[in-house]
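What the coordinates show
The chain contents come next:
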Amino acid sequence: MSVLLARSNADSQISSRLPEIEKRLDASLARAIPAVSWALAALYAVFGVFHLRTMPGGNGRFMAALAFVSALLLASFALYTWRRALPPEMAHAAASLLAFIVLVNSLAHLHLTGDPRQTTNLMLLVFAAGSLYLNETWFVLTIASTGLMWVSIAFFHGFGSEWTHFGFALFAASVLSWLILSVRRRALSRLELARLQGEWALAQIRESEGRFRDLSGLSSEAVVISEQGTILDVNDRMLEMFARDRTEIVGAKVLDLVAPAHQDFVRQQLINPVEHHYKLMGMRKDGTHFPLEVRARNVVRNARALRVTTIRDLTHDLMVDRMKDEFVSVVSHELRTPLASIRGALGLLSNEKLLQDEVKRQRMVQMALENTARLQQLISDMLDLQRLESGQLTLHREPASALGVVQRVCAEMKDFASTKRVKLRVAGDDAVVFADKDKLVLALSHLINNAVKFSPEEGEVVIACAAEDPAVFSVTDRGRGISQKELPSIFERFRQADSSSTREVGGTGIGLALVRTIVQQHGGRIWAESHSGQGSIFRFTIPVFKDDSHA
């Protein structure tokens with residue numbers, strides 16, 4: 001019963017996908033036509049030689065000529081279909097052409113000899129048709145044509161008992177040929193259906209894999225699918241994270257990607273996964289270790305126990321945490337120092353004896369004011385940075401003299417530089433920039449402030465402007481400089497080139513981040529050049545003003 005149900009199910013699926021299967025059957029026949037044509041051409045060439053040797057007289061020569069012509073036609077057709085791929089939709093028409101050539105030869109034998117035994121050739125033809133055709137319509141046309149032609153010749157030669165006997169044999173051969181065709185067609189249809197289903201399933205798998213790669217490719221986390229500790233598939237982020245090619249990582253062991261110190265833990269997790277969220281050290285191809293956060297879960301797919309793992313690189317997080325800790329430490333220091341000074345000054349001012357001393361009282365008030373300004377500047381810098389980065393603080397841009405902005409900043413910073421015994425010098429040419437003058441002053445103030453603080457006594461800070469497009473501002477000092485290792489990251493938020501030196505001279509380390517944000521919002525860029533012990537040069541660009549009305 002189950003066999004009958006399975007057969008019925010297969011037949012219904014074949015019926016539902018008959019057009020696709022018909023195309024595949026036609027394509028299968030088309031591939032066979034050249035070989036069949038070559039074989040028939042060779043066979044008729046042999047027949048031609050045989051007729052010349054065994055059939056004397058005009059009939060022999062006629063049959064030999066017919067055989068050689070047939071061989072030539074078949075060889076030409078074979079060469080044509082071999083050189084040019086036969087379209088599948090022409091396959092049965094081509095098979096009928098081959099059958100027609102064979103039929104003409106067979107009927108010529110039958111007519112010239114008048115011997116009903118020559119019907120054997122037609123019997124072979126109909127048997128061959130059942131073994132060649134894969135379409136019932138073309139098969140029936142060929143068999144019907146063969147039968148009608150045989151009946152015509154039989155009546156021409158007188159329909160005797162032998163003709164009747166061989167007519168029945170031809171009919172039986174046609175019936176058997178039909179059965180051969182039916183069995184072949186059903187078997188090949190099921191085979192092609194299985195291939196179609198396999199191709200569909202493969203396409204589904206590839207589509208699923210494509211969706212997995214598309215989705216996992218968008219993830220910032222690495223995704224790993226493994227089975228019993230062997231990696232089956234990964235996303236591109238995994239390859240990037242571990243600096244490996246896909247061929248190196250797919251098929252490898254999970255333990256190959258884990259630092260030796262954590263391999264026992266991971267091995268235990270693979271055997272008995274009790275923890276699904278943990279941290280460990282990964283290992284790249286070059287042997288370097290880096291921190292990872294791992295989340296894993298077990299899934300069952302097609303009776304296979306798989307483990308799906310997502311991995312996040314913690315290197316950046318740890319770096320940010322360290323920078324934040326440094327930032328909090330520096331800011332705490334910067335807040336605590338002026339607050340202590342203000343509190344001390346206010347405490348002394350509460351002393352009645354000190355209130356009577358005008359000089360000391362003024363000094364305490366001045367100390368409180370200076371430290372209050374220092375706190376105000378710190379808070380202002382932090383708020384400005386946050387507002388600029390969040391887009392809450394807009395720029396009010398207008399044409400401005402670059403040299404005028406530089407001179408204004410130097411005038412404001414002159415007293416501060418004097419207290420540090422550092423000279424400010426203005427250089428360069430003027431240019432008309434399109435900028436928010438107040439924000440440009442703020443950016444230059446931070447750069448000059450840093451340059452002065454890190455300059456030696458009796459040193460000089462040069463503030464220059466180059467009249468280019470865009471205009472280039474620069475601040476140059478002859479201080480201790482910045483190491484090449486720290487130079488690329490000095491403009492990052494919460495980043496300090498040297499926290500110890502920052503503590504020594506004062507500052508929070510957010511000034512350069514603020515300057516970079518101001519410059520970028522103007523559409524410019526900022527960079528620094530420095531060598532330890534040789535000073536530093538900070539440069540940034542600001543677009544020049546272009547009057548569109550004169551364009």
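This one's a predicted model, so the numbers in the text were calculated from it and none came from an experiment.

What follows covers the sheet that holds strand β3 (residues 277-283). Strand order in the open sheet formed by five strands is β2-β1-β5-β4-β3, with antiparallel pairing between adjacent strands. If you trace the sheet from one side to the other, it starts and ends with β2 (230-234) and β3, each paired once. Taking the axes of each pair of neighbouring strands and ignoring which way they run, one obtains an average angle of 35° across the sheet. Sheet analysis places strand β1 (residues 222-227) next to β2, joined by four bridges and oriented antiparallel. Across the sheet, the residue bridging to Ser226 is Ile231, located in β2. In the packing of helix α10 (residues 260-271) onto the sheet, contacts are made with β3, β4 (289-301) and β5 (304-313), and the angle to β3 comes to roughly 135°.

Before going further, it helps to spend a moment on the sheet that holds strand β7 (residues 423-428). Spatial ordering of the open sheet is given by β7-β9-β10-β12-β11, a layout of five strands whose pairing is mixed. Only two strands of the sheet have a single partner each, and these edge strands are β7 and β11 (526-530). The sheet shows a mean angle of 15° between the axes of neighbouring strands, direction not considered. Two elements, β7 and strand β9 (residues 460-466), share six bridges in a ladder whose sense is parallel. Note that in β9 the partner of Lys423 across the bridge is Glu460. Relative to the sheet, helix α15 (residues 437-453) contacts β7, β9, β10 (471-477) and β12 (536-542), its axis offset from that of β10 by approximately 20°.

Attention now moves to the pattern of salt bridges. Enumeration according to the criterion identifies 22 salt bridges in this entry. For the salt bridge of Arg24 with Glu192, the shortest nitrogen-to-oxygen distance reads 3.4 Å. Residue Arg24 is found in helix α2 (residues 18-54), and its partner Glu192 is found in helix α7 (residues 161-217); the two are separated by 168 residues along the sequence. Under the relative-accessibility criterion, Glu192 is labelled buried at 5%. Among the ionic pairs, Arg408 bridges to Glu412, the shortest N-O distance being 3.4 Å.

Before going further, it helps to examine a nonpolar patch on the surface. Residues Val140, Phe168, Phe171, Val175, Leu176, Trp178 and Leu179 make up a contiguous nonpolar surface patch of roughly 690 Å² in combined accessible area. When residues in the nonpolar patch are grouped by element, the largest group, six residues, is from α7. Tracing the backbone shows Phe171 in helix α7. Phe171 gets classed as exposed once you look at its relative accessible area, which sits at 54%.

End to end, helix α14 (residues 402-419) covers 26 Å across 18 residues, agreeing with the expected 26 Å (1.5 Å per residue, within 8%). Turning to α14, its buried residues number three or more, namely Ala402, Leu403, Val405, Val406, Val409, Cys410, Met413 and Ala417. Looking at the buried positions of α14, the neighbouring elements they touch are β6 (398-401), β7, β8 (432-435), α15, β9 and β10. Following α14 by one or two positions, Arg421 adopts a phi angle in the positive range, close to 60°.

Closest axis-to-axis distance for the α15/helix α17 (residues 511-521) pair is 9 Å, and the angle between their directions is 145°. Classified by chirality, the crossing of α17 by α15 is left-handed. Contacts between α15 and α17 pair Lys439, Leu442, Ala443, His446, Leu447 and Asn450 from the former with Gly511, Leu512, Leu514, Val515 and Ile518 from the latter. Tallied by class, the residues present in the contact of α15 with α17 amount to seven nonpolar, three polar and one charged.

Cis geometry marks the peptide bond from Asp469 to Pro470; its omega dihedral reads 5°. Among the structural elements, Pro470 can be located in the loop between β9 and β10.

Quick look at the packing of aromatic side chains now. Geometrically, a pair of aromatic rings is defined through the distance of the ring centres and the angle of the planes. By the definition in use, this model includes 11 aromatic pairs. Relative to Phe159, the ring of Trp150 lies with its centre 5.9 Å away and its plane at 90°, an arrangement referred to as edge-to-face. Trp150 gets classed as buried once you look at its relative accessible area, which sits at 5%. For the pair Trp150 and Trp163, a centre-to-centre distance of 6.0 Å together with 50° between the ring planes defines the contact as tilted. Taken together, the residues span a long stretch of sequence, with Trp150 in helix α6 (residues 136-156) and Trp163 in helix α7 at a distance of 13 residues. Put simply, the rings of Trp150, Phe155, Phe159 and Trp163 pair up and form one aromatic cluster. Sitting over the ring of Phe290, Arg284 keeps its end group 3.9 Å from the ring centre. Arg525 extends its terminal NZ or CZ atom over the ring of Trp527, reaching a point 4.0 Å from the ring centre.

For the rest of this paragraph, the subject is the environment of Trp82. Counting through the fold element by element, Trp82 comes out in helix α3 (residues 58-83). Using a relative accessible area of 59% as the deciding quantity, one classes Trp82 as exposed. Residues Trp82 and Ala35 lie 47 residues apart in sequence; the distance between their C-alpha atoms is 8.4 Å. For Trp82, the contacting residues outside a window of four places in its chain are Pro34 and Trp38.

Only one face of β8 is covered, namely the face carrying Val433 and Ala435; the face carrying Val432 and Phe434 is uncovered. Alignment of β6 against β8, held across four bridges, turns out to be antiparallel. Bridge pairing in β8 links Ala400 to Val433.

Here the focus is the confidence of the model for the protein chain. Confidence along the protein chain averages 81 in pLDDT terms, with 82% of residues attaining 70 or more. In the model, residues 1-6 has pLDDT below 50 throughout and makes zero contacts with residues more than four positions away in sequence or in other chains.

A few words on the side chain of Asp233. Counting through the fold element by element, Asp233 comes out in strand β2. Overall, Asp233 belongs to the buried group, its relative accessible area being 13%. For Asp233, the side chain forms a polar contact with the side chain of Arg246, separated by 3.2 Å.

So, how was this worked out
For every chain, the first residue of the written sequence is number 1, and numbering continues from 1 along that sequence. A pLDDT threshold of at least 70 governs which residues receive local features in this predicted model, and a stricter bar of 80 or more applies before side-chain atom pairs are shown or counted, although totals over entire chains, interfaces and linings include all residues. Only hydrogens and water are set aside; all other atoms, that is, all heavy atoms of the structure, feed into the side-chain values. Pairing between strands is defined by DSSP: at least two bridges between the two strands are required. Here a strand is any run of E in DSSP of at least two residues, a helix any run of H or I of at least four, and the numbering for each starts at the N terminus. Helix axes are fitted to C-alpha atoms over the stretch in contact, other axes to C-alpha atoms as well, and angles between N-to-C directions run from 0 to 180 degrees. Any two residues whose heavy atoms approach within 4.5 Å are treated as being in contact. The term salt bridge refers to a pairing of a side-chain nitrogen on Lys or Arg with a carboxyl oxygen on Asp or Glu at a separation within 4 Å. A 1.4 Å probe rolled over the protein chains alone gives each residue an accessible area, and that area as a share of the maximum for its type sets the label: buried under 20%, exposed over 50%, partly exposed in between. A residue counts toward a patch only above 30% relative accessible area and without a salt bridge, and it is joined to like-charged neighbours within 9 Å or, for Val, Leu, Ile, Met, Phe, Trp and Tyr, to nonpolar neighbours within 5 Å. Note on areas: Shrake-Rupley, 1.4 Å probe, and residue coverage restricted to the protein chains presented here. Residue count minus one, scaled by 1.5 Å, sets the expected span of a helix. Working rule for handedness: look at the near helix, and if it is turned counterclockwise from the far one by less than a right angle, call the crossing left-handed; if clockwise, right-handed. Under the scheme applied, nonpolar residues are Ala, Val, Leu, Ile, Met, Phe, Trp, Tyr, Cys and Pro; charged residues are Asp, Glu, Lys and Arg; polar residues are all the others, including Gly. Pairing of aromatic side chains requires ring centres within 6.5 Å, counting the rings of Phe and Tyr and the six-membered ring of Trp. Pairs whose planes differ by under 30 degrees are stacked, by over 60 edge-to-face, and all others tilted. We call a charge positioned over a ring when the NZ of a Lys or the CZ of an Arg lies within 6 Å of the ring centre and within 35 degrees of the ring normal. Values of pLDDT, the confidence the predictor places in each residue, fall between 0 and 100. Any N or O atom pair separated by 3.5 Å or less is treated as a polar contact, with the protein-specific requirement of one donor-capable and one acceptor-capable atom, and with residues adjacent in sequence counted only for side-chain atom pairs.

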